[in-house]
Amino acid sequence: MIEDKAKKDAVAEVESVTSAVDENAIGDGKNTVDRVNAPEATDAQKVSTTQAQETGAGSVSTIDPFSSDPVKMGQRQGMFGGSLGGDTSGYGGLVQPVLFPGATERPYGLYFDEVADHLSKELADTYDAAVERVVIDRGEMTLHVPAAHLLLVARTLRDSPGLRFEMFSGVSGVNYPDEVGRELHAVYHFLSVTHGSRRVRVEVSCPDEDATIPSIVHIYPAADWHERETFDMFGIVFEGHPALTRILMPDDWPGHPQRKDYPLGGIPVEYKGATIPAPSERRSYT
């Protein structure tokens, strides 16, 4: 009996403390979650994902530099994105939007706020124009920079004592055919040895019709071969590069193999008279 009374007193004490905490949280205006009486999602909230899945592949989100909403970059059908040939995966009817994270609001966390503060201080009034948006995703920082301000941002990242991203580790290309006016992207990776291996990514876009981005070789000499490879695979012309020639494909090779519109087969192979069959002509196991 004594043990039962002790248990009841303990339970009553816990319930009274919990009730007091809930009342204080409500009184302080803090966010509390009522998992039992929580209201259902509104129709507007329910329809957002469905609309994204049903929208055609040719439409992408208009990028708002201040919005944290996911950005739709396109649409993928099937498990692996293939559109030609027989469907051997069984997932041919699967439709998924290609979503990228939107702009991140302060505070960013880790050392990212310090990087943004130093960059904002160095660029002063030019910062808002030079940095379109900042994205923090999966513990990484990406600065979206217009091509016209790339050299200024790169030089500031290298020379500012508070930044000192003195090491350039690579530039790669990305192709988003549905993002009209921003079809080609160059993504730069920088490392600060001075500040304990901090990393930052800079992403620059350009239209397919005018695929030109300033070369940063005179700021980071290590970018030489990386820019040549991106030019070779994606066709991005880096203006000011000392010798922008192909580095992987033959000089007379037509097209750029890593663009999304490049054929996945049917390209004549230059040895033994062989050819690679196009996907629609390959064997199907259905």
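Cut-off values and rules
Residues numbered from 1 in each chain as written. Predicted model: local features only at pLDDT ≥ 70, side-chain atom pairs only at ≥ 80, totals over all residues. Heavy atoms only, no water. Helix = DSSP H or I, 4+ residues; strand = E, 2+ residues; numbered from the N terminus. Buried < 20%, exposed > 50% of the residue type's maximum accessible area, 1.4 Å probe, protein only. Contact = heavy atoms within 4.5 Å. Areas by Shrake-Rupley, 256 points an atom, 1.4 Å probe, with all protein chains shown as cover. Salt bridge = Lys/Arg side-chain N within 4 Å of Asp/Glu carboxyl O. Polar contact = N/O pair within 3.5 Å; in protein donor to acceptor, adjacent residues only side chain to side chain. Expected span 1.5 Å × (residues − 1). Arc of directions from axis to C-beta. Pairing = 2+ DSSP bridges. Axes fitted to C-alpha atoms, helices over the stretch in contact; angles between N-to-C directions. pLDDT = per-residue confidence, 0-100. Phe/Tyr/Trp six-rings, centres within 6.5 Å; stacked < 30°, edge-to-face > 60°.

Caption draft 1: Highlighting the overall build of the chain. For the chain, the count of helices and strands is 6 helices and 9 strands. Per-residue burial for the chain yields a buried fraction of 33% across its 286 residues. Pairs at least 24 residues apart make up 51% of the contacts formed inside the chain by residues separated by at least 6 positions. Roughly 18,100 Å² of accessible area belongs to the chain as shown, and the carbon and sulfur atoms make up 53% of that amount.

Caption draft 2: Examining the pattern of salt bridges more closely. For the structure shown, the criterion picks out 10 salt bridges. Arg-182 is the salt-bridge partner of Glu-132, the closest N and O atoms lying 3.8 Å from each other. Of the two residues, Glu-132 is situated in the loop between α4 (127-130) and β3 (133-137) and Arg-182 in the loop between β5 (167-175) and β6 (184-192); the sequence distance between them amounts to 50 residues. A relative accessible area of 21% places Arg-182 in the partly exposed class. Two residues, Arg-138 and Asp-137, come together in a salt bridge whose shortest N-O distance is 2.4 Å. Taking the relative accessible area as the measure of exposure, Arg-138 reaches 74% and is therefore exposed. Among the ionic contacts, a cluster of salt bridges with common partners joins Arg-106, Asp-113 and Asp-117.

Caption draft 3: Representation of the side chain of Ser-215 in the model. Summarising the element assignment, Ser-215 is placed in the loop between β8 (212-214) and α6 (223-234). At 3.2 Å, the side chain of Ser-215 forms a polar contact with the backbone nitrogen of Val-217. Those residues in contact with Ser-215 that sit more than four places away from it in its chain are Leu-151, Glu-227, Phe-238, Glu-239, Gly-240 and His-241.

Caption draft 4: Looking closely at helix α3 (residues 112-123). If you check α3, its first and last C-alpha atoms are 16 Å apart, about what 12 residues at 1.5 Å a residue would give, namely 16 Å. What α3 keeps buried is the set Phe-112, Asp-113, Val-115, Ala-116, Leu-119 and Leu-123. Across the axial projection of α3, the buried residues extend over an arc of 160°, all falling on one side. Its buried side turned inward, α3 meets α4, β3, β4 (140-144), α5 (150-159) and β7 (198-206). Note on α3: the residue one or two positions beyond its end, Ala-124, has a positive phi of about 55°.

Caption draft 5: Quick look at unusual backbone geometry. Note that the residue after Arg-106, namely Pro-107, is joined by a cis bond; omega there is -5°. Within the fold, Pro-107 resides in the loop between β2 (95-100) and α3. Phi angles above zero are rare outside glycine, and Leu-110 is one such case at about 50°. Structurally, the position occupied by Leu-110 is in the loop between β2 and α3. The exposure class of Leu-110 is exposed, given its relative accessible area of 72%.

Caption draft 6: Up close: the sheet that holds β4. Strand order in this open sheet of 5 strands is β3-β4-β7-β6-β5, and the pairing throughout is mixed. This sheet does not close on itself; its edge strands, each paired only once, are β3 and β5. Pairs of neighbouring strands in the sheet enclose a mean axial angle of 20°, with direction left out of account. The pairing of β3 with β4 spans 5 bridges and is antiparallel. Its bridge partner lying in β4, Arg-133 is registered against His-144.

Caption draft 7: Local environment of α5. For α5, every residue scored as buried is listed here: Leu-150, Val-153, Ala-154, Thr-156 and Leu-157. End-on view of α5: buried residues confined to an arc of 165°, all on one side of the axis.

Caption draft 8: Layout of the confidence of the model for the chain. Summary statistics for the chain give a mean pLDDT of 77 and a share of 67% for residues scoring 70 or more. Looking across the chain, the model is least confident in helix α2 (residues 43-54), with a mean pLDDT of 34, and most confident in β8, with 97. Counting interchain partners and residues more than four positions distant, the pLDDT-below-50 stretch residues 17-58 has 20 contacts.

Caption draft 9: Main features of the packing of aromatic side chains. Applying the stated criterion across every chain, the model contains 6 aromatic pairs. Aromatic side chains Phe-190 and Tyr-220 sit 5.0 Å apart centroid to centroid with 40° between the ring planes, which places their arrangement in the tilted category. Pair noted here: Phe-190 is in strand β6 and Tyr-220 is in the loop between β8 and α6, with a separation of 30 residues, a long-range link. By the ring-pair criterion, three or more aromatic residues cluster together here, those being Phe-168, Tyr-188, Phe-190 and Tyr-220.

Caption draft 10: Expanded view of the environment of His-241. Summarising the element assignment, His-241 is placed in the segment after β9 (237-239). Each C-alpha atom, one on His-241 and one on Asp-224, is 7.4 Å from the other, the two residues being 17 residues apart in sequence. Sequence-distant contacts of His-241, defined by excluding residues within four places in its chain, comprise Ser-215, Val-217, Asp-224, Glu-227 and Arg-228. At 2.9 Å, the side chain of His-241 and the backbone nitrogen of Ala-243 are in polar contact.

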